[in-house]
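# Overview (structure and organization)
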Protein chains: 2
Amino acid sequence: MRSAIPEPVTTLIEAFSRLPGVGPKTASRLTYYLLRAPDDFSLGLAQALNNLKAQTRFCSVCFNITVADPCFICSSSERDAGTLAVVEEPLDLMAIERTGIYKGRYHVLHGAISPVDGIGPDDLKIRELVARVEKEQAGEVIIATNPGMEGDATAMYLQRELASTPVRVTRLARGLPTGGDLEYVDSVTLMRALEGRSEL
Amino acid sequence: MRSAIPEPVTTLIEAFSRLPGVGPKTASRLTYYLLRAPDDFSLGLAQALNNLKAQTRFCSVCFNITVADPCFICSSSERDAGTLAVVEEPLDLMAIERTGIYKGRYHVLHGAISPVDGIGPDDLKIRELVARVEKEQAGEVIIATNPGMEGDATAMYLQRELASTPVRVTRLARGLPTGGDLEYVDSVTLMRALEGRSEL
């Protein structure tokens, strides 16, 4: 008896269901919550969704999400233009910014190489990175792709692509996460921590 | 360094965060997912949100969500007008509809009495229910509020309010959920199942 549910309600439930991690039950719950909430709640969310794409773009230099182009990091004279951290996604950039210790600039690839998902080097901002490194004569590229199979594959590809330039290519350290418990650490992480051990 | 995130992005993250069960991490994830998805994904969701309130209303008879007023259940001649199932929310109505065995009509209270949340009888469609029972000369009111403290309080209140009318007031049975395991059933449920035991 799906017909008991009016069409505008099912449409929104279906729209919510298409979001990652939102199943039909959560989608219903959100929709019925909005039905009971004041009008400007759902209208505000609708407005924010409309503005998201209309008011943002990719920075033409680093491909981070931005309103002004170039973005405030690329246009800041306080950031070291000679160092580029290469990340997969804008959220990874935010994570590095939150540490507060990185003073260089960024390059957002918008993904990682993943043959399974049909994502090759040409689908990422890799050509743009190589061109940028050559043009800006960067001193160091810190590869900050995710510590997994796809991030590793991407890192290896980048290393090869940048080999023809004089830039120094580094990668974030791998090892035990702070606050973790050796007993619960997976063996790949432990292996990496052993390989990367340092003198005390 | 929150300033690394453009305003339209933070606005949507905040709008998502206000939804129940959506924390700041999920809100970010949804927002960045939409940033990468095709434009019509976020625009479609925005449109569905705009239509939700604009195209729906409460049925003036039973207060279910509907496009046409009265709703298709209230206007159907195939539904028994003499029996009213009283539910807290439209989703509860859908749940009963899904059983496919209920042929009566509904009355949606839009909540339950909850002194903790400051929700009293006047905040619910209780006065409308009593007036409707009197006007339609209903034969039976099945109280289908949730089997919890607030649903129980609401049921007791309704019973008292309807005592002055000749209507028969019943409530959904309480007991063991089908497929459940006695070992894992909470003691209140088990107590109710004992109290409500029937001859075989």
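So, here's what we can say about the structure. Numbers given for residues are sequential positions, taken from 1 along each chain in its written order. Here the convention is simple: chains get letters from A, ligands get numbers from 1, in the order in which they are written. Given that the model is predicted, a residue must reach a pLDDT of at least 70 before its local features are reported, and side-chain atom pairs must reach 80 or more before they are shown or counted; all residues, however, enter totals for whole chains, interfaces and linings. Values shown for side chains rest on all heavy atoms present in the structure; no hydrogens or waters enter the calculation.

## Some remarks on the overall build of chain A
Formally: Helix and strand assignments follow DSSP, with helices taken as H or I runs no shorter than four residues and strands as E runs no shorter than two, numbered in order from the N terminus. Remark: exposure states derive from per-residue accessible area (1.4 Å probe, protein chains only) relative to the maximum for the residue type, with buried under 20%, exposed over 50%, and partly exposed in between. Values of accessible area rely on a 1.4 Å probe in the Shrake-Rupley scheme; residue burial ignores everything except the protein chains shown.
Regarding its fold elements, chain A presents 7 helices and 6 strands. For chain A, the N- to C-terminal ordering of α and β elements is α-α-α-β-β-β-α-β-α-β-α-β-α. Looking at chain A residue by residue over its 200 residues, the buried ones come to 44%. When the accessible surface of chain A is split by element, carbon and sulfur atoms take 54% of a total near 11,100 Å².

## What to know about the sheet that holds strand β4 (residues 104-108) of chain B
Residue and element names in this part refer to chain B. Convention followed: Think of it this way: DSSP has to see at least two bridges between two strands before they count as a pair. In this description, a line fitted to the C-alpha atoms serves as the axis of each element, helices being fitted only across the stretch in contact, and the angle between N-to-C directions of two axes falls anywhere from 0 to 180 degrees. Contacts between residues were defined by any pair of non-hydrogen atoms, one from each residue, lying within 4.5 Å.
The strand order across the open sheet formed by 4 strands is β4-β3-β5-β6, and the pairing between neighbours is parallel. Taken across any chain shown, the strands that pair with only one partner, and hence form the sheet edges, are β4 and β6 (168-171). Neighbouring strand axes in the sheet, compared pairwise and without regard to direction, differ in orientation by 25° on average. Pairing geometry for strand β5 (residues 140-143) and β6, over 4 bridges, is parallel. Counted as the bridge partner of Val141 is Val169 from β6. Against the sheet, helix α5 (residues 126-136) makes contact with β3 (80-87), β4 and β5, and its axis sits at roughly 165° relative to β3, the strand it touches most.

## Thoughts on the packing of aromatic side chains
Put simply, the rule reads: Whether two aromatic rings pair depends on their centres lying within 6.5 Å, for rings of Phe, Tyr and Trp, where Trp uses its six-membered ring; planes under 30 degrees apart make the pair stacked, over 60 edge-to-face, and the rest tilted. In this scheme, the term charge over a ring applies when either NZ of a lysine or CZ of an arginine sits within 6 Å of the ring centre and within 35 degrees of the ring normal.
Summed over all chains, the structure comprises 4 aromatic pairs over all chains. Judged by centre distance (5.7 Å) and plane angle (85°), the ring pair of Tyr33 of chain A and Phe41 of chain A falls under edge-to-face. By relative accessible area, Phe41 of chain A is classed as buried at 11%. Directly above the ring of Phe41 of chain B sits Arg18 of chain A, whose terminal nitrogen or CZ lies 5.2 Å from the centroid.

## Digging into helix α2 (residues 24-36) of chain B
Which entries qualify depends on this criterion: Between the first and last residue of a helix there are one fewer steps than residues, each counted as 1.5 Å, and that sum is the expected span.
Relative to the 18 Å expected for 13 residues at 1.5 Å per residue, α2 of chain B spans 19 Å between its end C-alpha atoms, a close match to the ideal helical length. For α2 of chain B, every residue scored as buried is listed here: Ala27, Ser28, Leu30, Thr31, Tyr32, Leu34 and Leu35 of chain B.

## Looking at the nonpolar core
Filter applied, for reference: Put simply, a nonpolar core is a bunch of buried Ala, Val, Leu, Ile, Met, Phe, Trp, Tyr and Cys residues held in one set by side-chain atoms that sit within 4.5 Å of each other.
In this structure, Phe16 of chain A together with Phe16 of chain B are the most contacted members of the largest nonpolar core, which totals 59 residues. Other than its neighbours up to four places away in sequence, Phe16 of chain A contacts Val22, Ala27, Leu30, Thr31, Leu34 and Leu45 of chain A together with Leu19, Leu45 and Leu49 of chain B.

## Looking at the sheet that holds strand β3 (residues 80-87) of chain A
Residues and elements named next belong to chain A. Read from one edge to the other, the open sheet built from 4 strands follows the order β4-β3-β5-β6, with strand pairing classed as parallel. Two strands bound the open sheet, and with one partner strand each, they are β4 (104-108) and β6 (168-171). Within the sheet, the average angular offset between the axes of one strand and its neighbour, ignoring direction, is 25°. Two strands pair when backbone bridges link them, and β3 and β4 are joined in this way by 5 bridges, in the parallel orientation. Bridge assignment links Val87 to a residue of β4, and that residue is Val108. Where helix α4 (residues 90-99) meets the sheet, it contacts β3 and β4, and its direction lies at approximately 160° from that of β4. Where helix α5 (residues 126-136) meets the sheet, its contacts fall on β3, β4 and β5 (140-143), and the angle it forms with β3 comes to roughly 165°.

## Focus on the relation of the copies chain B and chain A
Going by this rule: Residues reaching a pLDDT of at least 70 in both copies supply the C-alpha atoms on which the copies are superposed by least squares.
Each copy of the sequence occupies a distinct position, and chain B is placed on chain A by a rotation of 179° and an axial shift of 0.0 Å, giving an RMSD of 0.1 Å. This pairing of chains is accounted for by a two-fold axis. Across chain B, the smallest distance between a C-alpha and the rotation axis is recorded for Ala46 of chain B, namely 2.0 Å. Here 100% of the contact residues of chain B are again contact residues in chain A; the copies associate through an equivalent surface.

## Details of the environment of Leu49 of chain B
With respect to the helices and strands, Leu49 of chain B occurs in helix α3 (residues 39-55). Apart from residues lying up to four places away in sequence, Leu49 of chain B is in contact with Leu12, Phe16, Leu34, Ser42, Leu45, Ala46 and Leu49 of chain A.

## Examining the interface of chain B and chain A
Defined as follows: Summed over both partners, the accessible surface that disappears when two parts come together, traced with a 1.4 Å probe, is what is meant by buried area. In the sections that follow, a salt bridge refers to a side-chain nitrogen of Lys or Arg positioned within 4 Å of a carboxyl oxygen of Asp or Glu. As used in this structure description, the phrase polar contact means that two N or O atoms lie within 3.5 Å; if the pair is within protein, one of them must be able to donate a hydrogen and the other to accept it, and residues adjacent in sequence are counted only when both atoms belong to side chains.
With 55 residues of chain B in contact, the opposing surface of chain A contributes 55 residues. Around 5,000 Å² of area is buried between chain B and chain A when both sides are counted, 74% of it from carbon and sulfur atoms. The largest share of the area that chain B buries against chain A comes from Leu49, Leu52 and Lys53 of chain B, three residues that together contribute 14% of it. Seen at the junction of chain B and chain A, the total is 4 salt bridges. Between Asp39 of chain B and Lys53 of chain A there is a salt bridge; the shortest N-O distance is 3.2 Å. At the boundary of chain B with chain A, the tally comes to 12 residue pairs in polar contact (both at pLDDT 80 or more). Elements with a contribution of two residues or more to the side of chain B that touches chain A: α1 (7-17), α2, α3, β2 (65-66) and α4 (90-99) of chain B.

## What about the side chain of Ser114 of chain A?
Residues and elements named next belong to chain A. Its place among the elements puts Ser114 in the loop between β4 and α5. Ser114 sits in the buried class, given a relative accessible area of 1%. At 3.2 Å, the side chain of Ser114 and the side chain of Glu150 are in polar contact. Excluding residues that lie within four positions of it along the chain, Ser114 makes contacts with Ile119 and Glu150.

## A look at the pairing of β4 of chain A
Under the convention used in this document: By definition, the crossover connecting two strands over a helix is right-handed if that path, from the first strand to the second, turns clockwise as seen with the strands pointing away from the viewer.
With respect to burial, β4 of chain A is a largely interior element, 5 of its 5 residues being buried. Once the chain exits β3 of chain A it traverses α4 of chain A before rejoining the sheet at β4 of chain A, and the crossover so formed is right-handed.

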